[in-house]
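Structure assessment
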Amino acid sequence: MTARPERWDVFCRVVDNFGDVAVALRLARCLAREHGKAVRLLLDDLTVLARLRPEADPALARQEIDGIAVWRWDAGLFEGGAVEVADVVVETFGCDTPEPYVRAMAARDPHPRWINLEYLSAEEWVEGSHALPSPHPKYAPLTRHFFFPGFTARTGGLLRERDLLDRRDAFQADRAAQAAFWRLLAGAAPPEGALKVSLFGYAGAPYDSLLTALTRHAGPVWVVAPEGVAAAAVTAWLRGNPAGERGGVSAHAVPFVDQGRYDELLWACDLNFVRGEDSFVRAQWAARPFVWHIYPTDDNAHWVKLAAFLARYTAGMDRAHAVKVTALWEAWNRGDALGKAWPAFDAALPVAAAHAEEWAGRLALQPDLATQLAGFAAGLGG
Ligand code: TRH
């Protein structure tokens, strides 16, 4: 008789925006599809899921998406009744597993393995904290382990579907597929030789200054901004039109696309402006130059995180180009005018493009996060 698949519960509480759900959904999908786990994803807000996966119905308390069970994590979901806990419990971004569920974990023998998946950071201290145990103060010896994504061998790696890079390479080599993608998304294909740019960021980025600076690019520019802050900025720059042309820049505010299409957008562009955590990682797998708008935090800790990633990312570049990339990223995150930083960055794009490919190739040498997490859980026994 074949053993039943190992049961994993992944908890995710939506803090803000899309990334928390995006990461949890991607992880759950990899664990189910690539590691044969029976995964239940518990989300406190299904509206974000429905944006990323339009076939999800935010009204349903339970549904199946991409081969995983998705439950709405309502308050009291685990109150007053037998709670069936999983073999492995993953709480994402410190979302705190519900107390009745923790009690049931402590009562089960053997205890489920319990892992907290942390936010991604390139800071040095992450390596020293990755995989550390923390016995529960009330239910010890029940123990939670901290699992950190990251860019080095002493971290948990990055989410990367097994077929992602092959699908990327096939799409980037297929001009017909790209033309079809552009026609579907923007109603037309970019002009031959255009610099193709995708825009996704937070309020406060200097979108208007970027679009105006792009009119100075030597050759046509094609800009696409999915629905949100960037799309509103494009429409404002086009004086109220969602699509149009100014100074050699053809700009398009387009609908928000599903996660699969968003990867294709990143693969089809020559330069991607991204934000948060998931699009930030997806842009790195696209192996194209990118600019990261980091999620700003009130304590300004995001500047330390930005600098830490830039230090790692530019370490392999010659200093002159590293300075230009850093200057544009910092200006973008500060909301500064780009009149000076953009031309220098533009001139460095060919070098940045080669570097982006080398960086993606280097990252791909690491085992992916789902594989490392499954291996880590197996190593915890139980
Ligand atoms: O939406 P975000 O700003 O989410 C952020 C991050 O998760 C950050 O770590 C967290 O601290 C903060 O929320 C609270 O950025 P992120 O992480 O890039 O998630 C956006 C997701 O949306 C990503 O998976 C890409 C996807 N996306 C689409 O699927 N279609 C689209 O059209 C666009 C623009 C994005």
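To be clear, the structure that these remarks concern was listed above.
All of these numbers come straight from a predicted model, not from anything done at the bench.

**Comments concerning the site of the ligand**
If you check the shell around the ligand, you find 22 residues, and the closest are Y202, V257, R275, D278 and S279. For the ligand, an oxygen atom lies 2.9 Å from a polar atom in the backbone of F18. A distance of 2.6 Å separates an oxygen atom of the ligand from a polar atom in the side chain of S279. Considering the ligand on its own, with 700 Å² of exposed area, one finds that the protein chains cover 97% of that surface. At the level of secondary structure, the elements contributing two or more residues to the shell around the ligand comprise α1 (19-35), α9 (259-268) and α10 (278-285).

**Let's talk about the pairing of strand β13 (residues 271-275)**
Among the 5 residues in β13, 5 count as buried, and that is most of the element. Neither face of β13 is exposed, since L271, F273 and R275 on one face and N272 and V274 on the opposite face are all buried. Of the pairings in the sheet, the one linking strand β9 (residues 195-199) to β13 comprises 3 bridges and is parallel in character. Bridge pairing links L199 to F273 in β13. Across 4 bridges, the pairing between β13 and strand β14 (residues 290-293) is parallel. The partner of N272 across the bridge, within β14, is F290.

**Concerning helix α6 (residues 175-186)**
Between its first and last C-alpha, α6 extends 16 Å over 12 residues, near the 16 Å set by a 1.5 Å rise per residue. Those residues of α6 lying buried are Q178, F181, W182 and L185. What you see down the axis of α6 is that its buried residues fit within an arc of 95°, all on one side. Turned more than 90 degrees away from the buried face of α6, the exposed residues are A176 and L184. On its buried face, α6 is in contact with α5 (164-172), β9, β10 (221-226), β12 (249-254) and α9. One side-chain oxygen at the N-terminal end of α6 lies 3.1 Å from the backbone nitrogen of A176; it belongs to D174. Backbone geometry just downstream of α6 places G187 in the positive-phi region, at approximately 80°.

**So, the sheet that holds strand β8 (residues 143-147)**
Strand order across the open sheet formed by 8 strands is β3-β4-β2-β1-β5-β6-β8-β7, with mixed pairing between neighbours. Whereas interior strands pair on both sides, the edge strands pair on one side only; in this sheet they are β3 (62-65) and β7 (133-135). Taken over all neighbouring pairs, the strand axes of this sheet differ in orientation by 25° on average, direction set aside. In terms of strand pairing, strand β2 (residues 38-43) meets strand β4 (residues 68-72) through 4 bridges, oriented parallel.

**Quick word on a nonpolar patch on the surface**
On the surface, V15, Y119 and Y295 cluster together to form a nonpolar patch covering roughly 280 Å² of accessible area. If you trace the backbone, Y295 turns up in the loop between β14 and α11 (301-314). Look at Y295 and you get partly exposed, because its relative accessible area is 34%.

**What to know about the packing of aromatic side chains**
For the structure shown, the criterion picks out 32 aromatic pairs. Ring centres of F151 and F280 lie 6.3 Å apart, and the angle between their planes is 70°; on these two criteria the pair is classed as edge-to-face. Taken together, the residues F151 in the loop between β8 and α5 and F280 in helix α10 connect sequence positions 129 residues apart. Judged on exposure class, the residue F151 and its partner F280 are both buried. Between the aromatic rings of F309 and Y313, the centroid separation amounts to 5.5 Å while the plane-to-plane angle is 20°, which identifies the pairing as stacked. Pair noted here: F309 and Y313 are both in helix α11, with a separation of 4 residues, about one helical turn. Like Y313, F309 is buried. One aromatic cluster is present, built from ring pairs that chain together F151, F280, F290, W292, F309, Y313, W329 and W359. Of note, R40 hangs over the ring of W71, and the distance from its end group to the ring centre comes to 4.3 Å. The positively charged end of R144 is found above the aromatic ring belonging to W114, 4.4 Å away from the centroid.

**Considerations on unusual backbone geometry**
In the segment running from D109 into P110, the intervening peptide bond is cis, with an omega of 0°. Assignment of secondary structure puts P110 in the loop between α3 (99-107) and β6 (113-117). Of note, the phi angle at N17 is positive, near 60°, even though the residue is not glycine. Looking at where N17 falls in the secondary structure, it is placed in the loop between β1 (7-12) and α1. In this model, D96 sits at a positive phi of 65°, which is unusual for a non-glycine residue.

Basis of the calculations
Residues numbered from 1 in each chain as written. Predicted model: local features only at pLDDT ≥ 70, side-chain atom pairs only at ≥ 80, totals over all residues. Heavy atoms only, no water. Near = heavy atom within 4 Å. Polar contact = N/O pair within 3.5 Å; in protein donor to acceptor, adjacent residues only side chain to side chain. Areas by Shrake-Rupley, 256 points an atom, 1.4 Å probe, with all protein chains shown as cover. Helix = DSSP H or I, 4+ residues; strand = E, 2+ residues; numbered from the N terminus. Buried < 20%, exposed > 50% of the residue type's maximum accessible area, 1.4 Å probe, protein only. Pairing = 2+ DSSP bridges. Expected span 1.5 Å × (residues − 1). Arc of directions from axis to C-beta. Contact = heavy atoms within 4.5 Å. Axes fitted to C-alpha atoms, helices over the stretch in contact; angles between N-to-C directions. Patch = residues over 30% accessible without salt bridge, like charges linked within 9 Å, V, L, I, M, F, W, Y side chains within 5 Å. Salt bridge = Lys/Arg side-chain N within 4 Å of Asp/Glu carboxyl O. Phe/Tyr/Trp six-rings, centres within 6.5 Å; stacked < 30°, edge-to-face > 60°. Lys NZ or Arg CZ within 6 Å of the ring centre and 35° of its normal.

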